[in-house]
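# Inside the fold
Here are the chains, one letter per residue:
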Amino acid sequence: MLIAQQLKEENIAEYLIYMWQIEDLIRANGLDIDKIEEQIISRFNQPDNVKKEIKEWYENLIDMMRRENVVDSGHLIINKNVISGLTELHIRLLKNTDEDEYSELYYKTLPFIVELRSKSPNKDIPELETCFSALYGFLLMKLQKKEISGETQAAISQIGAFLRLLTQKYKDEKEGRLAL
């Protein structure tokens, strides 16, 4: 909860990846708040009232996961809404003739997006979700200490550069420094 709040303000891309990790962490603990409290919440060096807030946050996420039927897989609507908002900004940036740098970076990234989507069983997910899924998969591979090919590293590097710029544009717009 504390990390999520901070990331949402500072870096929307990191926030989204973090929230996907939280979804998987909840799943790994069988949506059991007692396990989550024992394994995660108890380890926070926070006063009891903050730990109580964190527990309530996890309980709310568990409830949402059940109601939205994303217990086994998928993402919460709150996380899908982040993708939707970023997609709307992405489209506005592409349409803006003053955003040459953004358009150029996107078109350099597009072949990687197309390749990833061609390998995905779900062809209907938004392009940006494909990018975030690639980054999340890369993160998981690194955590599992799996070998990562040079091709994959190049793709992730390009996708990462693209998402960093989009994230900066998002922050600029939120802070009133970008008018589209």
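What this report covers is the structure whose coordinates are included nearby. Remember, it's a predicted structure, so these values are computed and weren't measured experimentally. (Residues numbered from 1 in each chain as written. Predicted model: local features only at pLDDT ≥ 70, side-chain atom pairs only at ≥ 80, totals over all residues. Heavy atoms only, no water.)

## Points about unusual backbone geometry
Short version of the rule: We count a stretch as a helix when DSSP gives it H or I for four or more residues in a row; a strand needs E for two or more, and each element gets its number in order from the N terminus. Only protein chains enter the accessibility calculation, which uses a 1.4 Å probe; a residue is then buried when its area is under 20% of its type maximum, exposed when over 50%, and partly exposed in between.
A positive phi is found at Leu31, a non-glycine position, where the angle reads about 55°. Locating Leu31 in the fold gives a position in the loop between α2 (12-28) and α3 (33-39). Taking the relative accessible area as the measure of exposure, Leu31 reaches 8% and is therefore buried. Phi at Lys145 takes a positive value of approximately 55°, unusual for a residue other than glycine. The topology assignment puts Lys145 in the loop between α7 (127-143) and α8 (150-174). Classification of Lys145 as exposed rests on a relative accessible area of 75%.

## Structural notes on the packing of α2 against helix α5 (residues 77-95)
Keep this limit in mind: Each axis is a line fitted through C-alpha atoms, taken for helices only over the stretch in contact, and angles between the N-to-C directions span 0 to 180 degrees. Put simply, angles under 35 degrees are roughly parallel, angles over 145 are roughly antiparallel, angles from 65 to 115 are roughly perpendicular, and the rest are oblique. With the far helix as reference, a near helix turned anticlockwise by less than a right angle produces a left-handed crossing, and one turned clockwise produces a right-handed crossing. Contact criterion: two residues are considered in contact whenever any of their non-hydrogen atoms come within 4.5 Å of each other. All amino acids are sorted into three groups, where Ala, Val, Leu, Ile, Met, Phe, Trp, Tyr, Cys and Pro are nonpolar, Asp, Glu, Lys and Arg are charged, and the leftover types, Gly among them, are polar.
In contact at an axis separation of 10 Å, α2 and α5 are set at 155° when each is read in the N-to-C sense. On the basis of their axis angle, the class for α2 and α5 is roughly antiparallel. Like other packed secondary-structure pairs, α2 and α5 cross with a definite hand, here left-handed. On α5, the residues that touch Ile12, Tyr15, Leu16, Met19, Trp20 and Glu23 of α2 are Ile78, Asn79, Val82, Ile83 and Leu86. Here the contact of α2 with α5 is composed, by residue class, of nine nonpolar, one polar and one charged.

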